[in-house]
Amino acid sequence: MQIYLVGGAVRDALLGLPQGERDYVVVGATVPMMLQQGFVQVGRDFPVFLHPDTHEEYALARTERKVAAGYQGFQVFASPEVSLEEDLQRRDLTINAMARGDDGVLIDPYGGQKDLTARVFRHVGPAFVEDPVRVLRLARFSAQFTDFSIAPETVELMDRMVASGELDALVPERVWQEVVRGLKQAQPSRMLAVLKQTRVLTRLMPELQLDDPKAVEVFRLIDTALGSGFQPDLNTDQLALLRFAWLMTLCPASSISEIGERLRVPLEFTQLAMLCCLHQDLLAAIKTTHSPEARASVLLELMQRCDAIRRAPRFDLCIRAWAALGWADADLLTLAANAARSVDGGAIAKTLPGDSQNIGQAIQAARKAAIARALVQK
């Protein structure tokens, strides 16, 4: 039995990047041998095990044969006779097809280190076309490794996969998983550019108006969000929410729910995107209304539409989204939101026991007055 560190951990170490998850391939072993050493089997389609102490993944060396459409249409063969080189040959890119043994020696049968140095994404072999997820993963890698280019022959294979309809077999959840991971990377527009070039984006989200002149600005915003002045304190999950909302401004607001259903997009993403896109009438009215009383009314209506009191974190993300797009004054909206939230609805309710309609009206009147006062004091 021989154990090798493989894949992204080897790649990232060579690039001098922090290593994330560590995956291992075990050559010369069987399922009983792994179980005898305390490993816990978790794989159903092929033998994958968790280390009894570290809980890292160890997979038996295997080969694969395409037997049906889609990324699940593979017949897997795991055996002690499968060599490390055969296991690495089934992988997607040369930079992900390297390994290290216990002696630390790099095993690189397909030129991954050379491609790392040249900053090139290159497929390992013709079997790349058999797994449609690889197109999405390569697009996502483009957003992560921003100084890499795609080898022309790999682009050709990707074009062939799209033309054959292979990507139509992808399940929505798998598509969204790669898209949202790309939205968390350093330069998501590179992912979007690859998906556009290969015509995948028009299949996944045909509603996107990519020829709209503002698409260039939206892509730029998606990339520079961390340095925009509004987003420096956000984590990657929040940033992905904003980036998706900005992307959805390139399609009719009525299409956002359709895209969400098609790709099984989590509700928090589609809700933020719809709020971001649906209320431009009120945002415009805020800019053209100058009386504190009148402006307070418009601001309060916007907050009511967005459920800004109960869903404060979401509304705060809306403020960031609108401000970055140039649709609103972030300081003004934040001032109004804080003023409205300062109203003690519980205290007002105690003065009007049993009168729910008047309680609601009184709370809204108090919030409007608080916003107007804040505007005057600004």
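See the structure shown above.
The following refers to the structure shown.

Observations concerning the nonpolar core
Then, number 1: Core analysis: the largest hydrophobic core is formed by 112 residues, its most contacted members being Met248, Phe315, Trp322 and Ile371.
Then, number 2: For phenylalanine 315, the residues in contact, after removing those within four places along its chain, are Leu302, Met303, Cys306, Ala308, Trp322, Ala337 and Arg341.
Then, number 3: Ranked by size, the runner-up nonpolar core spans 11 residues in total, among them Val6, Ala61, Leu88 and Ala97.

Quick word on the sheet that holds strand S4 (residues 48–50)
Then, number 1: On the basis of which strands lie adjacent, the open sheet formed by 7 strands has the order S3-S4-S5-S2-S1-S8-S9 and mixed pairing. Each edge of the open sheet carries a strand with a single partner, namely strand S3 (40–41) and strand S9 (106–107).
Then, number 2: Where strand S2 (residues 23–27) and strand S5 (residues 57–60) come together, 4 bridges link them in parallel fashion. Pairing of valine 25 across the sheet is with alanine 59, part of S5.

What to know about the environment of leucine 204
Then, number 1: If you trace the backbone, leucine 204 turns up in helix H9 (residues 200–204).
Then, number 2: Given a relative accessible area of 12%, leucine 204 falls into the buried group.
Then, number 3: What leucine 204 contacts, discounting residues up to four positions off in sequence, is Leu136, Val175, Arg262 and Leu263.

A look at helix H15 (residues 292–305)
Then, number 1: In this model H15 runs 20 Å from its N-terminal to its C-terminal C-alpha over 14 residues, within 8% of the 20 Å that 1.5 Å per residue would give.
Then, number 2: What H15 keeps buried is the set Arg295, Ala296, Val298, Leu299, Leu300, Leu302 and Met303.
Then, number 3: Looking at the buried positions of H15, the neighbouring elements they touch are helix H14 (280–288), helix H16 (312–325), helix H17 (330–341) and helix H19 (356–377).
Then, number 4: One or two residues past the end of H15 sits aspartate 307, with phi positive at roughly 55 degrees.

Here we look at the packing of aromatic side chains
Then, number 1: Summed over all chains, the structure comprises 10 aromatic pairs.
Then, number 2: Plain terms: the ring middles of tryptophan 176 and phenylalanine 269 are 5.0 Å apart, the flat faces sit at 80 degrees to each other, and that makes the pair edge-to-face. Taken together, the residues tryptophan 176 in helix H7 (residues 172–183) and phenylalanine 269 in helix H13 (residues 267–278) connect sequence positions 93 residues apart.
Then, number 3: Residue class for phenylalanine 269 comes out buried when judged on its relative accessible area of 6%.

Observations regarding the pattern of salt bridges
Then, number 1: One pass over the full model with this rule turns up 19 salt bridges.
Then, number 2: For glutamate 56, the salt bridge goes to arginine 22, with nearest N and O atoms at 3.8 Å. With glutamate 56 in the loop between S4 and S5 and arginine 22 in the loop between helix H1 (8–14) and S2, the pair connects residues that are 34 residues apart, well separated along the chain.
Then, number 3: A residue is classified by how much of its surface remains accessible, and glutamate 56, at 21% relative accessible area, is partly exposed.
Then, number 4: On the basis of relative accessible area, arginine 22 is assigned to the partly exposed category, the value being 30%.

Conventions used here
Residues numbered from 1 in each chain as written. Predicted model: local features only at pLDDT ≥ 70, side-chain atom pairs only at ≥ 80, totals over all residues. Heavy atoms only, no water. Core = buried A, V, L, I, M, F, W, Y, C linked by side-chain atoms within 4.5 Å. Buried < 20%, exposed > 50% of the residue type's maximum accessible area, 1.4 Å probe, protein only. Contact = heavy atoms within 4.5 Å. Pairing = 2+ DSSP bridges. Helix = DSSP H or I, 4+ residues; strand = E, 2+ residues; numbered from the N terminus. Expected span 1.5 Å × (residues − 1). Phe/Tyr/Trp six-rings, centres within 6.5 Å; stacked < 30°, edge-to-face > 60°. Salt bridge = Lys/Arg side-chain N within 4 Å of Asp/Glu carboxyl O.

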